[in-house]
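Inside the fold
Residues per chain are reported as follows:
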Amino acid sequence: MEKKLTEVQKSMYESSEKIEEVKKIVKRRAKKVGEEELIPENLADDNWKEKKFSHPENIVRIGTVFSGIGAIEYALKRLNLKHEIVFAGDVDAKCKESYFANYDIKEENWFTDVREFDASKYKGKVDFVVGGAPCQAFSMVGKRLGFEDARGTLFYEFARVIKETEPKLFLFENVKGLINHDNGRTWHVIHDIFEELGYDVNFRVLNSKDYGIPQNRERLYCLGFKKKTEFQFPRPIPLEYQMYDFLEDYIDSKYFLKEKGIKFVTSHKNHEKSYTQVNGDVALCQKRNQQFNWHGDFVYHPVNEADEPNEAFDEFIFDVKDVEEKYYLSDKVAKYVLSSGTKGFKTSIETDLPVARPLLQSMHKMHRAGVDNYVTHKGRIRKLTPRECLRLMGFKDDFKIVVSDTSMYKEAGNSIVVDVLIAILMQLDITQYGEPYAG
C-alpha cells in the first residue's frame, strides 16, 4: 500500500511545469556564481528611536506577498502612519481569516496562490513591497533541500512581483540559514536576481532581542532600493523586557509594583474601566483578592517632585488574566517535554527563559523544552498561549484572534517580528517613499 504524503511533504515535493522551470533557472545560475563574497550592510551609528519621520503627512502604499497575519501592516499601524494596502495574499485560508479581521482590504486585492498572481496591474501604484517567502527549505530546523524543495522556489515569485510592480523599495525576509545554504550559492543567486531587477540591495541578519522583543529570533532582512541609497541598518538597543513581561498571568504580589504592574495600573484603558486609580480622592469599591490582580487603589511615591510620567510605560500594555486549564501540561506530557531526548537527539532543558527561544510555526505540537518555550506558574508547567505568542512577535492585544489555537500558533510562528520592522521603517524614514495624502 502506497504511503500517503503529509501536507508538508506535498508542499515540499509539489511539481508543475513552472516549478520545474524555476528549478532549472536557479541551478544554471548557481553554477555561474562567482567567488565574490557578499558583505552585509553596516549598522548605523545613530539611534533609530530618536529619529523623526520627514513626511508624516504622506501615505505609504504597500503590497505584501506571503502576507500571513500582516506584520508590516501592523508595524505601520503601531507607528500611526498613513498607509494603504494595495494588494496582499497568502495560500493559507486561515491566514486570510486573520488578515481580513484585522486590516482594511478589498476582496479583489487579495490573491491566494502567488504563482497565479498577475501583479502587473499594480505597476506604479505601490511604493513598498514586503514578503517573507516560506523559509522551511533553508531553515536549520528543516531538511534544507533548498531549491529542490518546491517551497524554496517561491522567492522567484517574489522577485517576479517586484519586476511587475516596480516599487520604490522592497523588503525580503527569511531565515538566517539562507545565507550559508549550499556554501552561500543560494543567497548569491537570490541577491543577484534582485540586483538584475535594478535595485540597490542591502542585507543583514537582525535579532529581535536587539529591538525590544525578548525572543532570540535571528532573521535575514534584505532591502532593495530603486535608486542608489546610502543605508545602514538600525543599531541594537538595550532589551528592557523579559519573556515573563509578555505572559497573560504574570502577577507580582509585592506591595510595590514592578515595571509590568506599573504599566497595567497606569494604562488609560484600565482607568477608563475604573479597574484602577492612582492617588484618587475617593477609593474605588474594594474587591476580594484585588491586591493579587492589580485592581483597586494605588499611591504613587515620586522619587522627587520634578518627576514626570514616563510615556514609555504605555508601549506594551497587556490584559492580565488567568490562563485556561487547557494550556497546562498533564503529568505525562510534562514528563516528555522535560526529558533531554533520546539516544539520537539530546537537548538542554530549560523553562522560564528571560529571552524566549524562536517561536516555531510547529509549536502547537509541543516539542521538548529545549526547542519550544514553557513557563511555570504556581508550581505547574504550561505552554505559551496564542496571545502570548502574538505579543512575543510584536502584536498587541488589539490584534483580533479569529482562528483556532493551532492555526494561531502557526500564523504567529510564521510571522515577521513587528518591532524589528518598526526599527527598519524608522531608520529608513519610510514616509519619504510615500505619496501626498489626498484625504
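Residues numbered from 1 in each chain as written. Predicted model: local features only at pLDDT ≥ 70, side-chain atom pairs only at ≥ 80, totals over all residues. Heavy atoms only, no water.

This next bit is on the pattern of salt bridges. For the coordinates displayed, the defined rule picks out 23 salt bridges. Of the charged contacts in the structure, one is a salt bridge between D127 and K168, with a shortest N-O distance of 3.0 Å. Residue D127 is located in the loop between β3 (110-111) and β4 (128-131), and its partner K168 is located in the loop between α5 (154-165) and β5 (169-175); the two are separated by 41 residues in the primary sequence. The class for K168 is partly exposed, based on a relative accessible area of 27%. E388 is paired through a salt bridge with R382; the nearest N and O atoms lie 2.8 Å apart. Like E388, the residue R382 is buried in the burial classification. Because the salt bridges share partners, they merge into one network encompassing R61, D127, K168 and E435. (Salt bridge = Lys/Arg side-chain N within 4 Å of Asp/Glu carboxyl O. Helix = DSSP H or I, 4+ residues; strand = E, 2+ residues; numbered from the N terminus. Buried < 20%, exposed > 50% of the residue type's maximum accessible area, 1.4 Å probe, protein only.)

This part takes up helix α6 (residues 185-196). Look at α6: 16 Å from first C-alpha to last across 12 residues, which is about the 16 Å you get at 1.5 Å a residue. Taken as a whole, α6 has its buried residues at T186, W187, H188, V189, I190, H191, I193 and F194. Count one or two residues on from α6 and you reach G198, which has phi positive near 95°. (Expected span 1.5 Å × (residues − 1).)

Moving on, we come to the nonpolar core. The nonpolar side chains of a soluble globular protein tend to be buried with one another. Residues F128, Y221, L223, F395 and I430 are the most contacted members of the largest nonpolar core, which totals 68 residues. Contacts of F128, omitting those with residues within four sequence positions, involve V60, R61, I62, G63, I72, P167, L169, F170, L171, L223, L425 and I430. Listed in part, the 32 residues of the second largest apolar core include F158, F170, W187 and V189. (Core = buried A, V, L, I, M, F, W, Y, C linked by side-chain atoms within 4.5 Å. Contact = heavy atoms within 4.5 Å.)

Okay, the confidence of the model for the chain next. Per-residue pLDDT for the chain has a mean of 80; in total, 71% of the residues score no lower than 70. Every residue in residues 137-151 is under pLDDT 50, and counting partners more than four places away or in other chains gives 53 contacts. A low-confidence stretch, residues 303-314 (pLDDT under 50), is modelled with 11 contacts involving residues beyond four sequence positions or located in other chains. (pLDDT = per-residue confidence, 0-100.)

Following the sequence through the fold, Q361 ends up in the loop between α9 (331-337) and β10 (374-377). In the structure, Q361 is positioned 48 residues away from Y409 in sequence and 6.2 Å away in space, judged by C-alpha atoms.

Where helix α3 (residues 71-78) meets helix α12 (residues 418-428), the axes come as close as 9 Å, and the angle between the chain directions of the two elements is 65°. At the point where α3 passes α12, the crossing takes the right-handed sense. Across the interface between the two elements, A71, I72, Y74, A75, L76 and R78 from α3 touch V418, D419, L421, I422 and L425 from α12. Classifying every residue of the contact of α3 with α12 by side-chain character gives nine nonpolar, no polar and two charged. (Axes fitted to C-alpha atoms, helices over the stretch in contact; angles between N-to-C directions. Left-handed = near helix turned anticlockwise from the far one by under 90°. Nonpolar A, V, L, I, M, F, W, Y, C, P; charged D, E, K, R; others polar.)

On to helix α11 (residues 405-414), then. Residues of α11 that are buried include every one of S407, M408, Y409, E411, A412 and G413, and no others. If you follow the buried residues of α11, they end up packed against α4 (93-102), β11 (380-383) and α10 (386-391).

On to the packing of aromatic side chains, then. Per the stated rule, a full pass over the model turns up 24 aromatic pairs. Ring geometry for W48 and Y211: centres 6.4 Å apart, planes at 40°, overall tilted. You can see W48 sitting in the loop between α2 (17-32) and β1 (58-65) and its partner Y211 sitting in the loop between β6 (200-207) and β7 (218-225), a full 163 residues away along the chain. Y211 carries the same exposure label as W48, and that label is buried. In textbook terms, an aromatic cluster arises when at least three aromatic residues are bridged by ring pairs, as seen for F158, F170, F172, F194 and Y199. (Phe/Tyr/Trp six-rings, centres within 6.5 Å; stacked < 30°, edge-to-face > 60°.)

In this model, D352 sits at a positive phi of 55°, which is unusual for a non-glycine residue. Mapped onto the secondary structure, D352 falls in the loop between α9 and β10.

Turning next to the side chain of E157. Residue position: E157 is located in helix α5. At a separation of 2.8 Å, a polar atom in the side chain of E157 contacts the side chain of R160. (Polar contact = N/O pair within 3.5 Å; in protein donor to acceptor, adjacent residues only side chain to side chain.)

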